Number of protein chains: 6
Amino acid sequence: MTSDSFFHPVSGFDLPRFAGVPTFMRLPHVPPSHPRFADVQIGLVGVPWDSGTTNRPGPRHGPRQLRDASTMIRAQHAVNGMRPFEMVNCADLGDVGPNPADIQDSMTRITGFYDGLVAAGIRPLTAGGDHLTSLPILRALAKRGPLGMIHFDSHTDLFHSYFGGTMYTHGTPFRRAVEEGLLDPGRVIQIGIRGTMYDTEDREFAKSAGIRIVTIEELFDRGIPDVMAEARKIVGQAPTYVSYDIDFVDPTFAPGTGTPEVGGPNSFQALQVCRELYGVDIAGADMVEVSPPFDASGGTAFLGVSIMFEILCAMLSPSRT
Amino acid sequence: MTSDSFFHPVSGFDLPRFAGVPTFMRLPHVPPSHPRFADVQIGLVGVPWDSGTTNRPGPRHGPRQLRDASTMIRAQHAVNGMRPFEMVNCADLGDVGPNPADIQDSMTRITGFYDGLVAAGIRPLTAGGDHLTSLPILRALAKRGPLGMIHFDSHTDLFHSYFGGTMYTHGTPFRRAVEEGLLDPGRVIQIGIRGTMYDTEDREFAKSAGIRIVTIEELFDRGIPDVMAEARKIVGQAPTYVSYDIDFVDPTFAPGTGTPEVGGPNSFQALQVCRELYGVDIAGADMVEVSPPFDASGGTAFLGVSIMFEILCAMLSPSRT
Amino acid sequence: MTSDSFFHPVSGFDLPRFAGVPTFMRLPHVPPSHPRFADVQIGLVGVPWDSGTTNRPGPRHGPRQLRDASTMIRAQHAVNGMRPFEMVNCADLGDVGPNPADIQDSMTRITGFYDGLVAAGIRPLTAGGDHLTSLPILRALAKRGPLGMIHFDSHTDLFHSYFGGTMYTHGTPFRRAVEEGLLDPGRVIQIGIRGTMYDTEDREFAKSAGIRIVTIEELFDRGIPDVMAEARKIVGQAPTYVSYDIDFVDPTFAPGTGTPEVGGPNSFQALQVCRELYGVDIAGADMVEVSPPFDASGGTAFLGVSIMFEILCAMLSPSRT
Amino acid sequence: MTSDSFFHPVSGFDLPRFAGVPTFMRLPHVPPSHPRFADVQIGLVGVPWDSGTTNRPGPRHGPRQLRDASTMIRAQHAVNGMRPFEMVNCADLGDVGPNPADIQDSMTRITGFYDGLVAAGIRPLTAGGDHLTSLPILRALAKRGPLGMIHFDSHTDLFHSYFGGTMYTHGTPFRRAVEEGLLDPGRVIQIGIRGTMYDTEDREFAKSAGIRIVTIEELFDRGIPDVMAEARKIVGQAPTYVSYDIDFVDPTFAPGTGTPEVGGPNSFQALQVCRELYGVDIAGADMVEVSPPFDASGGTAFLGVSIMFEILCAMLSPSRT
Amino acid sequence: MTSDSFFHPVSGFDLPRFAGVPTFMRLPHVPPSHPRFADVQIGLVGVPWDSGTTNRPGPRHGPRQLRDASTMIRAQHAVNGMRPFEMVNCADLGDVGPNPADIQDSMTRITGFYDGLVAAGIRPLTAGGDHLTSLPILRALAKRGPLGMIHFDSHTDLFHSYFGGTMYTHGTPFRRAVEEGLLDPGRVIQIGIRGTMYDTEDREFAKSAGIRIVTIEELFDRGIPDVMAEARKIVGQAPTYVSYDIDFVDPTFAPGTGTPEVGGPNSFQALQVCRELYGVDIAGADMVEVSPPFDASGGTAFLGVSIMFEILCAMLSPSRT
Amino acid sequence: MTSDSFFHPVSGFDLPRFAGVPTFMRLPHVPPSHPRFADVQIGLVGVPWDSGTTNRPGPRHGPRQLRDASTMIRAQHAVNGMRPFEMVNCADLGDVGPNPADIQDSMTRITGFYDGLVAAGIRPLTAGGDHLTSLPILRALAKRGPLGMIHFDSHTDLFHSYFGGTMYTHGTPFRRAVEEGLLDPGRVIQIGIRGTMYDTEDREFAKSAGIRIVTIEELFDRGIPDVMAEARKIVGQAPTYVSYDIDFVDPTFAPGTGTPEVGGPNSFQALQVCRELYGVDIAGADMVEVSPPFDASGGTAFLGVSIMFEILCAMLSPSRT
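Residue numbers restart at each chain and count upward from 1, following the sequence in its written direction. Ligands are numbered from 1 and chains lettered from A, in the order in which they are written. Reporting in this predicted model follows two pLDDT cut-offs: at least 70 for local features of residues, and 80 or more for side-chain atom pairs to be given and counted; totals over whole chains, interfaces and linings ignore these cut-offs and use all residues. Excluding hydrogens and water, the side-chain values take into account all heavy atoms of the structure.

The name recorded for chain A in an unreviewed UniProt entry is Agmatinase, from Tropicibacter oceani. UniProt positions are given in the numbering used here, feature names are shortened, and annotations may be inferred rather than shown by experiment. You can read under Sequence similarities (unreviewed entry) in the UniProt record for chain A the words "Belongs to the arginase family. Agmatinase subfamily."

Structure (structure tokens):
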């Protein structure tokens, strides 16, 4: 695999990291109207949207802060030596413009944007946005059939509804995705679940639908390699979505999020789970719930983009190419 | 005028200000289900809601931070010596529970709550919430006829719609209120307007409807007493709503807000305008757009409750009783 | 065990977590003057007091921030499925009003408040306050005989005096408690001790009195289950106090405290130690030294209430009922 | 007037401002044990103490932050050209060591330290500490007779007692000072008083004792020169103490304080009042209530030391020498 | 005057302000290599550089934060109704890449970049960078003869050298510019000078060279219109540079800067001085010393871009076109 | 070993930790001009300098914040009972004054200062400063021959040059040190290396020169004791420098640094590596890259001084004396 030099990021040896208009990982900004759009293979997309948030809003500011932090990312993976930007054409496709005062309109806009990526053969790596963002993305990506999913989170996001019947919130996307046939529940695994619970309605749904839930206690007991081997087995060789909610990570390592749960993985473990994705056929991925108003130091965003770089490398692992 | 001692706030001489469950101004918490609800004359209400925000969210956290800061408020006005809590029965009525993922449902809930206050003869002093909050409140308060309004803000909030037709945002409440007959535009004055402009659509509407706009330049040129005398003349002796957007104040004095505009009044002027409300028949009032995530020090909230105390005293000025 | 529905907390499915007057865990506010006070079984109490602090003050603001953060706590324990609020009547009893400028007066007030709880048969779960808070509480709880204690902390708090003879500071409460016969030193274990030392005076006292000290190195070497089994054996089946100083936890996970010591447990371990308290006869417990001025993000408080929820569940473990 | 070069501060042209062990205004550190102590004429002293604080503590950290910020102060006054450090021997005398857990012991220590300064003929410029700090200082300075006082503050600090009889808090120092004969009430003026009030007990005492209170409204109406001319007339040519509570300044300009009151002077006015002190016989002065935990940016401390520099110059004005 | 629609910024009515890759004022990103570069008339340029800083660094991060804040700027001036982006072709030209470890190399790079703008007939509006940034810009802009300058600042930046002979720092740029013949000292005015002084070396140079210094006291005494009329008279009708150091503004309004001086103009005055630039032939302008590490809330950057918008409008005032 | 009581630090039992002029670990301030300078055995030195920083500056403020945090350090090591200040004469030697606008001049000044320490027989423990600081120190310490080095860091700092040939940055010091013969590459080990990479140029140099690199993955796999045993073997019994870049530690535990890399050691491990230095002949040591502008809470500095105390104890381990 090799990429066109147009798509190579700017090096910190040439332009200091604090300089320049910040795009994701210092890649060229190639919105759909750009002449090189058709040549993009992996597109980094921002979805600045948090209208599905039931608690503390903020992820609408996520893409901008993630872009800013991403200028700290260099060209090569430290462990396996991959240089992803030289393998395939990567670009920052810009943000999908949401309607912050209309949830349905926003979902229509998002699905429309991703329909365009599917048509162009671009695999998306998304920076959200709250977790409801995954639903309109899946509506585009799953047009050819339900996907599997490896889902890192402290919550299942499988609830039926909130506040007396509201069905589209960041606590319900995967319930909807299963109902709409976007996900194959037998090929879905949720890892890192923890925190005090409202009740067991979400877990009962998971059980009846065949979704595998790995609690944080199980993850720590068995260890990451063992759990991730199970994850790879569950999703198999078919197309799979990777959804990474930053609140999977312990809130001390990732305070910039709206619904933290204490007692989670540290930053090394946050990277390790990604390094176990190699071999999975990743049709798309997202990093969601990064909320800058609760991340004064920017540390959460830097961890978020470090994870995005790991996922990007996983998207290029041998079995895929 | 005199009040029942049940409704007197706790004194900082007895219980330190940092102690106790924080209610507005350390008043008793008297939700509608409380046996003393019928005896309340002025009710302080929180509306923790920001779904109409087009830019930076956060005002849903406003009521809680305002309650916290309000424990710094003492019993007596420093200049005129009024002791409002000993004049009428004041209470913290709690928060209206919004549906953060459904704007119309939230507006229905808010109007319903205020219908109950109107029925009970309670005048409301509201802590928002973004500025869309004023619309469902006005729907309840204006049931007996359109109100006048004195509106402190850096924006007119008179736009027709956003994002290709969305009609309910924090930039449109008073356009809707005029259209719905809740406000008498000839008795409306907006004070402090400034900042770069999209276009002149809002100002043209104001002009055609007869709404008086006082820019910040005019306010500073003429001085607060002269402008406020005009305001009192415009609203006359009929029932009037007072809506105070914290972004009326310069963002250095009130950074905790979502759409700041530099070059506004200082904190002394922020109080002075309230002291010129005496004599107005205030049917209700609000303090909106206080956004804790952008107010790390809490200074905005403390200014906000200091203004609320001033408005409370104005609600008790002689002409009213 | 079952509880009266009056004592059930408000659910986040009904009222968003950011809404409402914040009480501990969204429980009803039932001060001693409340008609349902006599029905309370476990009382959550705030002691906003830090006059014993020798270094950086702030815990007087702890109860309010802990209440605020506690609205994030839901109804059910994630691992064992306990729903504590449905097992016994829990309530927020409000704050004890201290005298911030008089240590002895404050201790008298605190002991008086807890005498009332003992008389009413209410077991207290306290939110401090600096660690001197534990002393006046123990004076009430140990009226029928000395208690055992499981004490999580980075410091022993066993010093004789400070600044040339001052005997009541947050570094001396348990020295006084042993001297006053409130604790049975042979049934006391202190876990997590670390940090640079003044001298060995405190450790020599512990040794001579029979208090067991487990350093952080021993805790990490042996592991939490082994050390906690020893703790349960030391306190046995007799009534025991649990005192949890937030500085037991590593300051990266709990920066909001006055005398941090690096190199401590992470947040998962912070919860795990509580899950090993099951079976202990807990006569009362406290969470102390949470200092909001050093916890800008609120993460320390959220960890603090997460620990309080764990302790609450431990207070309801089978052997007790 | 000329000074010994030993007492000249380090210049920012020689050593960058961020370098070096921070002393007040980069002066030599000359504690009482130092061989050059007897040669000091004006001594800058820290009193890191806040045990009298009834609300939010923090001023115990004031001296250190003020020292840090003071490395930004240069050698010459911008308007009148005075170079104070070349006129008299100035030095940083270090901090008085308080007993944070014993108010009476701390006051004894403070008075003892200042007795030593009086004996050595050193005029003190103090960095507090909360406002109770002024009382033990006055006990030393007023040994030869009661002093006049020019007092900048938003509060009178003239209350009788708090919390049911506690007589030594930061709200009572000047009540005690008048009672103890340390101040001549007929030569006392308090400027800037504002904020909501508990009651009128303090103002009635002032009136009966003959203390002049200038509210913020009067200050703004008459202007600084007119009010300060009255102040100079009230204190006359006899020895006078200057006490400057940072909460005199509007909290937007000085957020780092425990009991802010909105609607105060800006930073230019904060300096102007000092420039009107020339000609007053200043026996000593203090800058109190600077509270670093509420001043994350350090701006309050920088304003505080800028004011201290102005007061220092006023202490050297012609009539004095 | 009219502009090409390619150069119109994105409206907040179409794309929410928090969305999109942030360029200055949401203008198109047109670096020198871009095909439309030759059509640009006014170019907004970032110079992320602070190697000349003698005190607290940070302005290297200024351009990025200013871009971020600038998405809050709308299309029209509130007072005079100008819509600058529709009058001339404006664009974000990107950043000049400095060498943070080599001052001379960086100055060469900066001058080279601006030489290109001069050659293309583009007038620059620069976002610095520390104040040394102005020197290499002036080297390019003054190629056809010395410029006049209107300089807003609290410091003269006219010193000869620092640290024993270092001649290129942010305290010396205009001394160098006069020496190099880039500025005509008789057509230079510096406004807002204040703060404690090292000595009078800079002011003596100004006096001997004929540079006019207006202290903050003179500015406040005479008022902005009068001083600015003098400024316009001094620079006359010949090409003039406008240099705006954010520390001209009071540090409470603009804390994000490295060498603050208290007692300066407020935000309204900060805008007013720009509105008095109309009629000046502005050959270029800069906004320097915005330092994000000291501006946690972003308020300084928002004020900075609000000022940049005012200067941009002044650059289009009638006399110029 | 025993020390002169003049060199004993002030105890927190006598003077509260927040009081006093802050020196390193409350030791006496003994600059080279001080009469007791010749008696110092271990000197704590600040080098407030960051001109070699290619990314985010700030370490010039490190020494002051480290001094401030160091007042929390007590007299005795918790695990081994060492009381270092009673073993040898330790002192705070003050700061080396750099020239922030001239790298070569600064390096000359630093080397000159350390030449003086070598001449006086004082072993230095330095608080930087960015990592370029180590180079001029090594120039002084290695005068008698190349040193070994144990280097904790996430980066190798072995690059040839930046920005087209700039050879003196914080990414190049050890490349230069090897080239200049200051380090014996065969006796150098770098531990903790991680993060995305520009390329492999640094690692190839290390390999060719014989420098041992231990990645974070190897450190976690083998464990600290095993890796450190190898480190001790590599450096052997000859004089060795210890260089500790705070970015060795995970940025959640040490956010206050300019070039963080996620996935590093926690605070307990950060101390543990130092406890494995016993027996090494430490000729000098440094703690670098602590950057206060990115460490709002001060936690990084407190961790930094906790590590410095560990290193200090290691410098006194038996084999050395």
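After that view of the structure, there is still more to cover.
**Comments concerning the relation of the copies chain C and chain A**
Rotating chain C by 120 degrees and translating it 0.0 Å along the rotation axis places it on chain A, where the RMSD comes to 0.0 Å. Considering both components of the superposition, the chain copies are consistent with a three-fold axis. Residue Thr-252 of chain C, judged by its C-alpha, is the member of chain C lying nearest the rotation axis, at 4.1 Å. A share of only 8% of the interface residues of chain C reappears at the interface of chain A, consistent with the copies meeting through non-equivalent patches. Residues reaching a pLDDT of at least 70 in both copies supply the C-alpha atoms on which the copies are superposed by least squares. Note on contacts: a residue pair qualifies if any of its non-hydrogen atoms lie within 4.5 Å across the two residues.

**Points about the relation of the copies chain F and chain A**
When chain F is fitted to chain A, the best match, at an RMSD of 0.0 Å, comes from turning it 120 degrees and sliding it 0.0 Å along the axis. Looking at chain F, a mere 7% of its interface residues are interface residues in chain A too, so the copies touch through different faces.

**With respect to the packing of aromatic side chains**
Working definition: rings of Phe, Tyr and Trp (its six-membered ring) pair if their centres are within 6.5 Å, and the pair is stacked with planes under 30 degrees apart, edge-to-face with planes over 60 apart, and tilted otherwise. With the rule as written, the count across this model stands at 90 aromatic pairs over all chains. Between Phe-152 of chain E and Tyr-244 of chain E the ring centres are 5.1 Å apart and the planes differ by 45 degrees, which places this aromatic pair in the tilted class. Taken together, the residues Phe-152 of chain E in strand β4 (residues 147-152) and Tyr-244 of chain E in strand β7 (residues 240-245) connect sequence positions 92 residues apart. Aromatic pair Tyr-162 of chain F and Phe-163 of chain F: ring centres 5.7 Å apart, planes at 55 degrees, arrangement tilted. Exposure is judged per residue with a 1.4 Å probe applied to protein chains only, and the accessible area is read against the type maximum: over 50% gives exposed, under 20% gives buried, and values in between give partly exposed. On the basis of relative accessibility, which here comes to 5%, the residue Phe-163 of chain F falls in the buried class. A network of ring pairs unites the aromatic residues Phe-13 of chain A together with Phe-159, Tyr-162, Phe-163 and Tyr-198 of chain F as a single cluster. Positioned above the aromatic ring of Phe-294 of chain C, the side-chain terminus of Arg-56 of chain C is 3.9 Å from the ring centre. In this scheme, Lys NZ or Arg CZ marks a charge over a ring once it lies within 6 Å of the ring centre and within 35 degrees of the ring normal. Over the face of the ring belonging to Tyr-198 of chain C we find Arg-74 of chain F, whose NZ or CZ atom lies 5.1 Å from the ring centre. Secondary structure elements are defined from DSSP: runs of H or I of at least 4 residues count as helices, runs of E of at least 2 residues count as strands, and each element is numbered from the N terminus.

**Section: the sheet that holds strand β4 (residues 147-152) of chain B**
Adjacent strands of a sheet form backbone hydrogen bonds with each other and so pair up, either parallel or antiparallel. Residue and element names in this part refer to chain B. Two strands are counted as paired when DSSP detects at least two bridges linking them. Taken in spatial order, the eight strands line up as β2-β1-β3-β8-β7-β4-β5-β6 in an open sheet, and their pairing is parallel. Where the open sheet ends on each side, the last strands, each with one partner, are β2 (90-95) and β6 (212-215). Put simply, the sheet's adjacent strands are angled 15 degrees from each other on average, direction ignored. Taken together, the four bridges between strand β1 (residues 42-46) and β2 define a ladder with parallel strand orientation. By the bridge assignment, Leu-44 is partnered in β2 with Asp-92. Between N-to-C directions, angles cover 0 to 180 degrees, with each direction set by a line fitted to C-alpha atoms, over the stretch in contact for helices.

**What about the interface of chain F and chain A?**
In this assembly, 29 residues from chain F lie in contact with 26 residues from chain A. Buried surface at the junction of chain F and chain A, summed over both partners, amounts to about 2,300 Å²; 63% is from carbon and sulfur atoms. Buried area: the sum, over both parts, of the accessible surface (1.4 Å probe) that disappears when the two are put together. Of all residues in chain F, the largest losses of buried area upon contact with chain A belong to Thr-196, Tyr-198 and Val-262 of chain F, amounting jointly to 32% of the total for that side. The salt bridge definition used is simple: a Lys or Arg side-chain nitrogen within 4 Å of an Asp or Glu carboxyl oxygen. Counting every contact that joins chain F to chain A gives two salt bridges. With its nearest N and O atoms 2.9 Å apart, the salt bridge here joins Glu-261 of chain F to Arg-74 of chain A.

**Section: the nonpolar core**
Counting residues in hydrophobic clusters, the biggest one holds 181 residues, and the most contacted among them are Ile-191 and Tyr-244 of chain B, Ile-191, Tyr-244 and Ile-307 of chain D together with Ile-191 and Tyr-244 of chain E. Excluding its chain neighbours within four sequence positions, the residues that come into contact with Ile-191 of chain D are Ile-150, His-151, Phe-152, Asp-153, Val-214, Leu-219, Val-227, Met-228, Ala-231 and Phe-248 of chain D. To define a nonpolar core, start from buried Ala, Val, Leu, Ile, Met, Phe, Trp, Tyr and Cys residues and group those joined through side-chain atoms within 4.5 Å. Counting residues in hydrophobic clusters, the runner-up holds 180 residues, among them Val-242 of chain A, Ala-254 and Cys-313 of chain C together with Met-315 of chain F.

**Re the side chain of Thr-54 of chain E**
Tracing the sequence through the fold places Thr-54 of chain E in the loop between β1 (42-46) and α1 (62-69). In this structure Thr-54 of chain E comes out as buried when scored by relative accessible area, which is 8%. For Thr-54 of chain E, the contacting residues outside a window of four places in its chain are Pro-16 and Phe-18 of chain D, Tyr-162, Phe-163, Thr-169 and His-170 of chain E together with Arg-60 and Pro-100 of chain F.

**Some details on the interface of chain C and chain A**
Often, the extent of an interface is quoted as the loss of accessible area on bringing the components together. Listed by partner, the interface residues are 26 residues for chain C and 29 residues for chain A. Counting each side, the surface lost to burial between chain C and chain A is near 2,300 Å², with a carbon and sulfur contribution of 63%. When the buried area of chain C at its contact with chain A is split by residue, Phe-13, Arg-74 and Phe-268 of chain C rank highest and sum to 34% of it. The tally of links from chain C across to chain A stands at two salt bridges. The term polar contact refers here to a pair of N or O atoms within 3.5 Å; inside protein, the definition further demands a hydrogen-donor-capable atom paired with an acceptor-capable atom, and it admits residues adjacent in sequence only when both atoms are side-chain atoms. Counting across the chain C and chain A interface gives 10 residue pairs in polar contact (both at pLDDT 80 or more). Those elements that provide at least two residues to the side of chain C that touches chain A are α8 (267-275) and α9 (299-315) of chain C. Each residue receives one of three labels: charged for Asp, Glu, Lys and Arg, nonpolar for Ala, Val, Leu, Ile, Met, Phe, Trp, Tyr, Cys and Pro, and polar for the others, Gly being one of them. Among the residues forming the side of chain C that touches chain A, the class breakdown is 14 nonpolar, seven polar and five charged.

**With respect to the sheet that holds strand β2 (residues 90-95) of chain E**
All names here are of chain E. Taken together, the eight strands give an open sheet; going across it, the order is β2-β1-β3-β8-β7-β4-β5-β6, and neighbouring strands pair in parallel fashion. The open sheet has two edge strands, β2 and β6 (212-215), and neither has a second partner. Strand-to-strand twist across the sheet, computed as the mean angle between neighbouring axes with direction ignored, equals 15 degrees. Contacts from α1 reach β1, β2 and β3 (123-127) within the one sheet, and its direction differs from that of β2 by about 145 degrees.

**Points about the environment of Asn-80 of chain F**
Residue and element names in this part refer to chain F. With respect to the element layout, Asn-80 can be found in the loop between α1 (62-69) and β2 (90-95). By relative accessible area, which is 36% here, Asn-80 ends up partly exposed. In the structure, Asn-80 is positioned 201 residues away from Asp-281 in sequence and 19 Å away in space, judged by C-alpha atoms. At 3.0 Å, the side chain of Asn-80 and the side chain of Tyr-278 are in polar contact.

**Looking at the arrangement of the chains**
Over all C-alpha pairs, chain A and chain D never come within contact, reaching a minimum spacing of 13 Å. No interface is formed between chain C and chain E, the nearest pair of C-alpha atoms being 13 Å apart.

**Re the pattern of salt bridges**
Here the structure, examined in full by the defined rule, presents 132 salt bridges over all chains. Among the ionic pairs, Glu-218 of chain A bridges to Arg-212 of chain A, the shortest N-O distance being 2.5 Å. The exposure class of Glu-218 of chain A is partly exposed, given its relative accessible area of 23%. A salt bridge links Arg-232 of chain D to Glu-276 of chain D, with the nearest nitrogen and oxygen atoms 3.1 Å apart.

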